[in-house]
Every structure is written in C-alpha cells, then in structure tokens.
Amino acid sequence: MVLDNEALQPTELDIYYLMDTYFNLEMLTEHTCSQCGLLGGTGKRIAMINVPQVLVVHISRFDSGLHKIHHYVRFPEHLTTDHIPSGNGQSLSYRLRGLIVHVGSSIDEGHYIAYVFIQGDWFKAEDRIITPVSWHTVSKVKAYILMYEI
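Residues numbered from 1 in each chain as written. Predicted model: local features only at pLDDT ≥ 70, side-chain atom pairs only at ≥ 80, totals over all residues. Heavy atoms only, no water.

Asks: Could you clarify how one ought to interpret the nonpolar core in this entry?
Replies: Membership of the largest hydrophobic core comes to 29 residues, with the highest contact counts inside it found for I15, F75, L99, L146 and Y148. Every element with two or more residues in this core is listed here: helix 1 (15-23), strand 4 (54-58), strand 7 (93-106), strand 8 (109-118) and strand 11 (143-149). In terms of residue count, the dominant contributor to this core is helix 1 (five residues). What L99 contacts, discounting residues up to four positions off in sequence, is F75, I113, A114, Y115, V138, V141, A143, I145, L146 and M147. (Core = buried A, V, L, I, M, F, W, Y, C linked by side-chain atoms within 4.5 Å. Buried < 20%, exposed > 50% of the residue type's maximum accessible area, 1.4 Å probe, protein only. Helix = DSSP H or I, 4+ residues; strand = E, 2+ residues; numbered from the N terminus. Contact = heavy atoms within 4.5 Å.)

Asks: Looking at this structure, I do not really get the side chain of K68. What am I missing?
Replies: Within the secondary structure layout, K68 lies in the loop between strand 4 and strand 5 (72-74). The charged side chain of K68 is buried without a salt bridge, its nearest counter-charge being E109 at 8.9 Å. Here G104 takes part through its backbone oxygen, which lies 3.2 Å from a polar atom of the side chain of K68. (Lys, Arg positive; Asp, Glu negative; His and termini not counted. Salt bridge = Lys/Arg side-chain N within 4 Å of Asp/Glu carboxyl O. Polar contact = N/O pair within 3.5 Å; in protein donor to acceptor, adjacent residues only side chain to side chain.)

Asks: When you look at the packing of aromatic side chains in this model, what are you seeing that I'm missing?
Replies: For any pair of aromatic rings, geometry is given as the distance between the ring centres together with the angle between the planes. On inspection of all chains with the given rule, the structure shows six aromatic pairs. With 6.0 Å between their ring centres and 80° between their planes, F62 and Y144 make a pair best called edge-to-face. In this pair, F62 is assigned in the loop between strand 4 and strand 5 and Y144 in strand 11, connecting sequence segments 82 residues apart. Just as F62 is buried, Y144 falls in that class too. Following the ring pairs from residue to residue traces out a cluster consisting of F75, F117, W122 and W135. In this arrangement the basic side chain of R95 is found over the ring face of F117, its NZ or CZ atom lying 3.7 Å from the centre. (Phe/Tyr/Trp six-rings, centres within 6.5 Å; stacked < 30°, edge-to-face > 60°. Lys NZ or Arg CZ within 6 Å of the ring centre and 35° of its normal.)

Asks: What exactly am I supposed to notice about unusual backbone geometry here?
Replies: Of all residues except glycine, most have a negative phi; of all peptide bonds, most are trans. A positive phi angle, near 50°, is found at Q119, a position not held by glycine. Here Q119 shows up in the loop between strand 8 and strand 9 (121-126). The phi dihedral of D127 falls on the positive side, at around 55°, and the residue is not glycine. Within the secondary structure, D127 is located in the loop between strand 9 and strand 10 (129-133). Look at D127 and you get exposed, because its relative accessible area is 65%.

Asks: What should I look at first to understand the pattern of salt bridges in this one?
Replies: Pairing is possible between side chains of opposite charge, provided their charged atoms come close. Going through the model one piece at a time under the given rule, you end up with six salt bridges. Residues E77 and R95 are paired through a salt bridge, measuring 3.0 Å at the closest nitrogen-oxygen approach. Of the two residues, E77 is situated in the loop between strand 5 and strand 6 (78-80) and R95 in strand 7; the sequence distance between them amounts to 18 residues. A network of salt bridges, in which partner residues are shared, links E12, D14 and R74.

Asks: Can you walk me through the side chain of S106 in this structure?
Replies: Considering the arrangement of structural elements, one finds S106 in strand 7. Here S106 falls in the buried class, since its relative accessible area comes to 16%.

This is the structure in structure tokens:
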C-alpha cells in the first residue's frame, strides 16, 4: 500500500490489512514473458514456502522521498498466519517478543527505542535506561519493526 499522500490516507491502519495488501495478487499489465518474450498481463503473488520460527515484520516508515510516515499501525500481541499465504497452508500463532520504534522526522535523523517482552513482562529500552511498561503502553507506539516468535 502506497502511503505517500498522507492527506488522502487514514492515519490508523491495521497490521492484518497491510498483510492482506502485501500478499494480495498484483496484476502487472506490461510484463514481458521470460519464456516467449511476449508483452502482456500477468499476476504476481508473494507467498511463504516455509513459515519461520521468528517472523520479523518491517513497517515501511519512510516514503520514496525519505520522509517519515507517521501513521499508527495497530498490531496484536498474538499474530496468526491466516493473512500470510504459505506453501503448506498451515496456520500458526506467533507471540510478539519485541519491537523497534523510530523517533525522528526523517531517515537522516532520529533515535531508536526497543520494547522487549521478557519472562512475562514488557520493558522499554532506550539507550542505557530500561524501564518496565504495560502492554497498553506498548500497543500504542508507532512500531517500525515487529518481532514475533512461535
């Protein structure tokens, strides 16, 4: 999903919506066939052959002009693979173990903050300062990278 023009886009999105969009069939209207060389339409779809033990979800926070995209993306503590096409069709459940947030206005500047789940509790790690936080606090951040584990 292209989020370049923020005035026309919602400011809150759901991770499952983004996954559906990412894994949706994309029609390529002017594609040259690698077998016969003819120009025509074809479809492209991304799927996972093997579902990984650790799933890293990167949410693109910068547009093509390297400007920051500030949309909030709602993400669950427990993620299922129902929205990820896989070769074997099996559905798995992942547990969020950590995430990274970028604080700053562009890709050229900023600061990174990590949130990690350790032994049943969430912690915010910012430089040398580590503080306990609630899931409610974690769920409200504008995540850049999400790390889930089976």
